Amino acid sequence: MSIKNSTSDDVQAYRAVERIYHSYLTGLILHLSSRAGAARAAEIVFRMFRRQQATHFVASLKKLGLDGLPHAVASAQYNYLANQVGGVKVEYVYESDKKAWIRYPPPRWLWHGTAICGIPSEVSRGMLRGWHGNNGVVLGNPRLGFVCTGQTVDGQPGLEGYYREYDHDLSPEERLQFSPGERCPPFRPELAPRLPETNWPESRLRKALRNYAMDYITSILPEVMSVLGPAEGGHLGGLAARLIGMHTFDDVASMLGGVDRGVAGFATALTRLLRGQGDDAEMHLEGSTAIVRQTTWRLMSGREQMSPAIFDAWNELWLGAALAHDRFMRVTLISRRDAGDPVWAWEIRQDH
């Protein structure tokens, strides 16, 4: 029995992959906050958002048609529109050409569920330092800064604040300020910018949501290794992945329409998930042993000289899922492209 690559859309797999990566992002930051400490977790989150901004901000401003707007307005509208693509709950309020608000009301996408109770304040501020406080630098406008007026993790009804263009150049310390006594004006959806009218099929929408979640893992895992080193970073990143793999598997199996028992059932599900994240994958079953092969790794495509610890940590997602499926089943990585082999390959067999 074998499952070859297919060009058809698997919407169920897209939904499941989004669930896995969204959960991994939240779980990883929680894990780092509790095991590595709030300061180092905040540094990793800061670097993740700085990496995200360097990769996406300027090009996406042009793509969204915002590059001709005043910088404070363009920055706030970008946060509003770009996060909507990822299904994030967000609000925007224009006050003037030099002041525009952005607000993320509860529930927060990034800290979904009960995770909001475990995120330290400095970790939330790391996001603001990484992105919002750096917009002026990226846009070449030394007068542009961001003022945070509330954080959900501190008990306020949402993360909110405004981009403001001052009449003087800002020092690095002034680019991100906090003013908890101010309040965002009411949101009026009819006055907010809108994405171009589209009639996306569900497959395209699910791909967009999947990509949004995956992109955060693309950005955060290298920073985990940079800040903590491959030994500690690989251990914590891998343990968080294993926990997420185990604890999301029931939901993932349901999203896939069910997973059959045994080696064949798990191998089939794993192949669908690998394809669902945009990779070439196929499965071969011989007797009671399955081999799943993957020839691409879209998550880290184009990134050279990565620590092997990044792949090892990511791989724990599937090892954790396997443990939830059948703890007497063994999944062994028998080939890896980052070690010079032509493919990544997993052998799945019953451990009697």
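Residues numbered from 1 in each chain as written. Predicted model: local features only at pLDDT ≥ 70, side-chain atom pairs only at ≥ 80, totals over all residues. Heavy atoms only, no water.

J.: Help me out: how do you make sense of the nonpolar core in this one?
T.: In summary, soluble globular proteins display a tendency toward joint burial of nonpolar side chains. Judged by nonpolar contacts, the single largest core of 98 residues is most densely connected at Y21, Y24, W314 and I348. A per-element tally of this core places helix α6 (residues 202-255) first, with 18 residues. (Core = buried A, V, L, I, M, F, W, Y, C linked by side-chain atoms within 4.5 Å. Buried < 20%, exposed > 50% of the residue type's maximum accessible area, 1.4 Å probe, protein only. Helix = DSSP H or I, 4+ residues; strand = E, 2+ residues; numbered from the N terminus.)

J.: How do you make sense of the sheet that holds strand β5 (residues 159-165) when you look at a structure like this?
T.: Backbone hydrogen bonds hold the strands of a sheet together, and the pairing may be parallel or antiparallel. The strand order across the open sheet built from five strands is β2-β3-β5-β4-β6, with neighbouring strands paired in mixed fashion. Two strands lie at the open edges of the sheet, namely β2 (91-96) and β6 (176-178), each paired on one side alone. Taking the axes of each pair of neighbouring strands and ignoring which way they run, one obtains an average angle of 20° across the sheet. One ladder, built from three bridges, connects strand β4 (residues 144-150) with β6; its direction is parallel. Within β6, the position partnered with V147 by the bridge is Q177. Along the sheet, helix α3 (residues 71-85) contacts β2, β3 (99-104), β4 and β5; its crossing angle with β3, the most-contacted strand, is approximately 20°. The strands touched by helix α4 (residues 121-130) within the sheet are β4, β5 and β6, with β6 carrying the most contacts at an inclination of about 140°. (Pairing = 2+ DSSP bridges. Axes fitted to C-alpha atoms, helices over the stretch in contact; angles between N-to-C directions. Contact = heavy atoms within 4.5 Å.)

J.: Looking at this structure, I do not really get α6. What am I missing?
T.: Because an α-helix completes one turn every 3.6 residues, residues spaced three or four positions apart along the sequence face the same direction. Compared with an ideal rise of 1.5 Å per residue, which puts 54 residues at 80 Å, α6 spans 15 Å between its outermost C-alpha atoms and falls more than 12% short. Of all the bends in α6, the greatest, near 125°, is centred on G229, and the proline P230 appears no more than four residues after it. Downstream of α6 by a residue or two, G257 has a phi angle that is positive, lying close to 85°. (Expected span 1.5 Å × (residues − 1). Bend = angle between axes of the 7 residues up to and from the residue.)

J.: Would you take a moment to explain the pairing of strand β8 (residues 289-294) for this structure?
T.: Consecutive side chains along a regular strand alternate between the two faces of the sheet. In terms of burial, β8 is a largely internal element, five of the six residues being buried. When strand β7 (residues 281-286) meets β8, the two strands line up antiparallel, connected through six bridges. Bridging across to β8, E282 finds its partner in R293. A loop of two residues connects β7 with β8, the two strands running antiparallel in sequence, and G287 in this loop sits at a positive phi of about 65°. When β8 meets strand β10 (residues 344-350), the two strands line up antiparallel, connected through six bridges. Directly across from R293, in β10, lies its bridge partner A345.

J.: So what exactly am I meant to see when it comes to a nonpolar patch on the surface here?
T.: Residues V58, V137 and V138 make up a contiguous nonpolar surface patch of about 200 Å² in total accessible area. Structurally, V138 can be placed in helix α5 (residues 135-138). Using a relative accessible area of 33% as the deciding quantity, one classes V138 as partly exposed. (Patch = residues over 30% accessible without salt bridge, like charges linked within 9 Å, V, L, I, M, F, W, Y side chains within 5 Å. Areas by Shrake-Rupley, 256 points an atom, 1.4 Å probe, with all protein chains shown as cover. Salt bridge = Lys/Arg side-chain N within 4 Å of Asp/Glu carboxyl O.)

J.: Just to check I follow, could you spell out the side chain of R336 for this structure?
T.: With respect to the helices, strands and loops of the structure, R336 is situated in the loop between β9 (329-335) and β10. A residue is classified by how much of its surface remains accessible, and R336, at 17% relative accessible area, is buried. Looking at R336, its side chain comes within polar contact range of the main-chain oxygen of P308, at 3.5 Å. Aside from chain neighbours lying at most four places away, what touches R336 is P308, F311, D312, D341, V343 and W344. (Polar contact = N/O pair within 3.5 Å; in protein donor to acceptor, adjacent residues only side chain to side chain.)

J.: Looking at this structure, I do not really get the packing of helix α2 (residues 38-63) against α4. What am I missing?
T.: Helix packing geometry: the angle between the two helix axes and the distance between the axes. Contact pair α2 / α4: the axes reach a minimum separation of 7 Å and the direction vectors enclose 25°. Regarding the angle of α2 to α4, the classification is roughly parallel. As α2 packs across α4, the resulting crossing turns out to be right-handed. Within the contact between the two elements, α2 uses A38, A41, A42, E43, V45, F46, F49, R50 and Q53 and α4 uses E122, V123, G126, M127, R129 and G130. Considered class by class, the residues forming the contact of α2 with α4 number eight nonpolar, three polar and four charged. (Parallel < 35°, antiparallel > 145°, perpendicular 65-115°, else oblique. Left-handed = near helix turned anticlockwise from the far one by under 90°. Nonpolar A, V, L, I, M, F, W, Y, C, P; charged D, E, K, R; others polar.)

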